[in-house]
Amino acid sequence: MDFITWAISPWGRSVPIHIAWYLIWVAVIAGLLFMIVHALYVAIFAAPKKFTKNDSPAVLAAVPERVPRHSLVARAFHWLMAISMFALLITAFLPKVGIKFDWVTYHWIAGLVLTASIIFHIIHASFFLDFWSIWPDKIDLRDAKRRLLRSIGKEAPPPDRFAKYPLENKLYHAVILLSGLAVIVTGVFMMKRVNTAGIFTRNPYLFGDMTWGMMYVLHGLAGVGLIALIMVHVYFGIRPEKLPITKSMIFGYMSRDFYLEEHDPKRWAVEESSPPQKGYAPSDAD
Ligand code: HEM
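Parameters and conventions
Counting of residues starts from 1 at the beginning of each chain's written sequence and follows it residue by residue. This being a predicted model, a pLDDT of at least 70 is required before a residue's local features are given, and a value of 80 or more before pairs of side-chain atoms are given or counted; all residues contribute to the totals for chains, interfaces and linings. Secondary structure elements follow DSSP: runs of H or I of four or more residues count as helices, runs of E of two or more count as strands, with numbering from the N terminus. Residue burial is a threshold on neighbouring C-beta atoms within 10 Å of the residue's own C-beta, all placed from the backbone, with 20 or more meaning buried, 12 or fewer meaning exposed, and counts in between meaning partly exposed. A pair of residues counts as a contact when their C-beta atoms, built from backbone coordinates, are within 7 Å of each other. In this entry, near means the residue's backbone-placed C-beta atom lies within 6 Å of the molecule or strand. For this scheme, ten residues count as nonpolar: Ala, Val, Leu, Ile, Met, Phe, Trp, Tyr, Cys and Pro. Four count as charged, namely Asp, Glu, Lys and Arg, and the remainder, Gly too, count as polar. The pairing criterion is simple: DSSP has to find at least two bridges between the two strands.

## Some remarks on the overall build of the protein
Working step 1: On a plain count of helices and strands, the protein comes out with nine helices and four strands.
Working step 2: Reading the helices (α) and strands (β) of the protein from amino to carboxyl end gives β-β-α-α-β-α-α-α-α-α-α-β-α.
Working step 3: Taking the principal axes of its C-alpha atoms as reference, the protein extends roughly 75 × 45 × 30 Å.
Working step 4: Each of the 286 residues in the protein was classed as buried or not, and the buried ones make up 22%.
Working step 5: At a minimum sequence separation of 6, the contacts of the protein that also span at least 24 residues come to 75%.

So, in structure tokens, the structure goes:
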């Protein structure tokens, strides 16, 4: 079964035109399988989390009841990106599974909103937030090994608590970054093929048939990948043990108890001067 749909160009050459749409269902099923296997693993096999904790009384005294986590700007970016991402998925894939409507205009408008919000995010995270807080560090890798050994019943010291972001969130961010950049870069070029009310001058001859075809295939592959990724993201967002993290993306802070349970004040320090509910932690990179 070919995962690409081919056509014959006016010059008699076989060229790719887009992905085969059954991949939509492959992505949906992969997302559902991941959720089922993960939910069963957590319910049946996973041992309760255990971390190394040795906070001094001075550190404990400095932690407020509400620990600031995401600034208003970072939260606004997250939800704008989420809305445009859902709009893109809906406009791209509903017509392919039989719900027909005039999708292209809504799709590229949502695409431009996503592109603008990502450009803003890159600048904001690089120059105004702690850029490195979202990338795995040495402690994450050491603790991943410890957690793996402990999960299969081997001897290993308990891991440290997380910095601002658990390793899983950091890896997820890296994968969504790659697939997001793939749809954005290809999508911006594809704007040259459609009527964009003068925003882009139309030029379908910018590339040859083969290059256009590969671009549509890459756009489609990253797009269906995003179906599974977004399903998994929403699944984790509504899992009971992750709700404090999700709430922090709505209200901007997490509770002192949750912070001290799962986050290491040495790895993610609370900004002492920031009043509760306002401001954000020094390593706010999302
Ligand atoms: C979640 C992100 C996205 C998904 C899932 C997605 C998915 C898709 C799909 C499945 C198609 C049909 C391609 C084909 O027929 O082979 C498409 C077309 C298109 N997309 Fe996206 N896309 C996304 C993001 C973007 C972005 C960010 C832009 C613009 C910056 C964009 C602009 C376009 C354009 C211009 C077309 C071409 C329509 C046409 O030629 O008829 N897309 N997209």
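## Focus on the site of the ligand
Working step 1: In the vicinity of the ligand, 25 residues are found, and the nearest of them are His18, Ala92, Gly111, Gly187 and Gly223.
Working step 2: For the shell around the ligand, the secondary-structure elements that each account for two or more residues are helix H3 (72-93), helix H4 (104-127), helix H6 (167-190) and helix H7 (209-238).
Working step 3: The dominant element in the shell around the ligand, judged by the number of residues it contributes, is H4, at seven residues.
Working step 4: Classifying every residue of the shell around the ligand gives 16 nonpolar, eight polar and one charged.

## What about the pairing of strand S1 (residues 4-8)?
Working step 1: Alignment of S1 against strand S2 (residues 14-19), held across five bridges, turns out to be antiparallel. Note on S2: the bridge partner recorded for Ile4 is Ile19.
Working step 2: Hairpin geometry of S1 and S2 is characterised by an intervening segment of five residues between the two adjacent antiparallel strands and by a positive phi of about 80° at Gly12.

## Observations concerning unusual backbone geometry
Working step 1: With a phi angle near 50°, Ala197 is a residue other than glycine that sits in the positive phi range.
Working step 2: Within the secondary structure, Ala197 sits in the loop between H6 and H7.
Working step 3: Since 8 C-beta atoms lie within 10 Å of it, Ala197 is described here as exposed.

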